[in-house]
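Here is how the chains run, residue by residue.
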Amino acid sequence: LKVNVTEIDIPMAFGPAFEGERVRGADLHVQCGGGKTQCTELVKMAQMNEIEDGKVILEGPDVTDLKEGETFPLGIYVQIAGREFQEDFEPIMERQIHHLVNYIQGIMHIGQRDISWVRISKAAMEKGFSLKHIGVVLHAKFHQDFKKIVDKVQVTLYTKTEDVDKITARARAEYQTRDSRVDSMTDEDVEIFYSCTLCQSFAPNHVCSVSPERTGLCGAYNWMDCRAAFEINPTGPNQPIEKGECIDPKLGQWKGVNEFVQKASRGAVTHYNFYSMVHDPMTTCGCCECIAAMLPSCNGVMTVGRDYPGDTPCGMKFTTLAGVMGGGACSPGFVGHSKHNITQGKFILGDGGLLRMVWMPKMLKEELKDRIDARGAAMGVPDLYDKIADETVGITEEEILPFLQEKGHPALSMEPLIG
Ligand code: SF4
Ligand code: ZN
């Protein structure tokens, strides 16, 4: 692998060679995000005269001010101006932060949006790492990799709690606006889906297929975003896929998708279903916002988000699930998906859809309340929200079953999940 240090002015080595590198417990100096503190990323378009190219602002203490083992909050706010730049490109640039920060030797980056996690090693600190280097890297690489659309890049790093909270609230509103861009579209409306193979550096056989009603499992790319990414980079990781002949309308399987996936996974994955987690689900990589799992004795499913650290009724915590499922394999009975996907129209529709959902962490449930209400009503169960158990009801199937029975959860009267 090529290590490219010449063009990026930081004291650490930099390049794809370091992308898969972990920062383990004994090597860790400080960290942010990962359920311990807030860590948020936001890219926004700016006017040409509004920003200064190459400027990196650090608002608050640097990592050099922290003691070993400490945690800190972080907001990474990137402003981009360019004659050819469009608001539609923001999510694409934002998703680059993940691998670009990972390219820095001794720094590890996991996740995206408002659930990012950055671990900084002792080795990086010894070399003189400063949070400002994140800005230096993003400025340099955005210019290098996106010449056509980028003229100016300014990066602000926030490390004071009140600033991070402020940028997080703003970012969440932006994510919502982006997510809702595909809300009025259905999979039947289009002949073209898009692939995403951005994660193959971590999960070599993993191929996300993104349709209007299935955003990428990281939550960062929806159908519109993939279309925009293809426009920017026609030979890049987001390619149009002609759906082709429909093999199974209920489970969501198409000939054109299968052929694409087989090629893009170099034969490792021959086919998968968009709308099922029970039968040959889509492959899962470690970036997923949530992982759904079957709960056979409740005749339903549960899902858990990255930000919930506790035990779940499937017997595994999120981190364990991600460790088992996240390598890019297809794991029947489990599937990685985005938060937004839970309330999209085709979510595991082949298995009964959202009406199968019997358990979610309280935090995730509350975050999606309005959308669960709307989707439940559309599926004929307007009070679905109140029938879904959470950790306050129980964290085992035995604990939540009496609650589901008492509430008359629709999953209990559906056809057997495995049959
Ligand atoms: Fe692309 Fe899927 Fe990775 Fe998201 S999780 S960046 S959609 S491959
Ligand atoms: Zn991934």
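Coordinates for the structure precede this section.
To start, this report covers the structure provided alongside it. (Residues numbered from 1 in each chain as written. Chains lettered and ligands numbered in written order. Predicted model: local features only at pLDDT ≥ 70, side-chain atom pairs only at ≥ 80, totals over all residues. Heavy atoms only, no water.)

Strand order across the open sheet formed by three strands is E1-E6-E5, with antiparallel pairing between neighbours. The sheet terminates laterally at strand E1 (28-33) and strand E5 (107-110), the two strands that pair on one side only. On average, adjacent strands in this sheet sit at an angle of 10 degrees to one another, irrespective of strand direction. (Pairing = 2+ DSSP bridges. Helix = DSSP H or I, 4+ residues; strand = E, 2+ residues; numbered from the N terminus. Axes fitted to C-alpha atoms, helices over the stretch in contact; angles between N-to-C directions.)

What follows concerns the packing of aromatic side chains. Taken as a whole, this structure holds 12 aromatic pairs when the rule is applied. Between Phe14 and Tyr103 the ring centres are 5.5 Å apart and the planes differ by 75 degrees, which places this aromatic pair in the edge-to-face class. Highlighted residues: Phe14 in the segment before E1 and Tyr103 in the loop between helix H1 (90-102) and E5, separated in sequence by 89 residues. For Phe14, a relative accessible area of 2% corresponds to the buried category. With a relative accessible area of 13%, Tyr103 lands in the buried category. Pairing Trp254 with Phe274 gives two aromatic rings, centres 5.2 Å apart and planes at 85 degrees, and the pair type is edge-to-face. (Phe/Tyr/Trp six-rings, centres within 6.5 Å; stacked < 30°, edge-to-face > 60°. Buried < 20%, exposed > 50% of the residue type's maximum accessible area, 1.4 Å probe, protein only.)

All right, on to the environment of Asn299 then. Within the secondary structure, Asn299 sits in the loop between strand E13 (290-295) and strand E14 (300-305). Considering only alpha carbons, one finds Asn299 and Ile342, 43 residues apart in sequence, at a separation of 18 Å. When neighbours within four sequence positions are excluded, Asn299 is seen to be in contact with Arg356, Ala411, Met414, Glu415, Pro416 and Leu417. (Contact = heavy atoms within 4.5 Å.)

Turning to the pattern of salt bridges, a few remarks are in order. A complete count under the given rule lists 22 salt bridges for this structure. Asp179 is the partner of Arg113 in a salt bridge, and the nearest nitrogen-oxygen pair spans 3.0 Å. Taken together, the positions of Arg113 in the loop between E5 and strand E6 (117-121) and Asp179 in helix H4 (residues 161-180) put the pair 66 residues apart, joining distant regions of the chain. A cluster of three or more residues bridged by salt bridges with shared partners is formed by Lys44, Glu87, Glu90 and Glu174. (Salt bridge = Lys/Arg side-chain N within 4 Å of Asp/Glu carboxyl O.)

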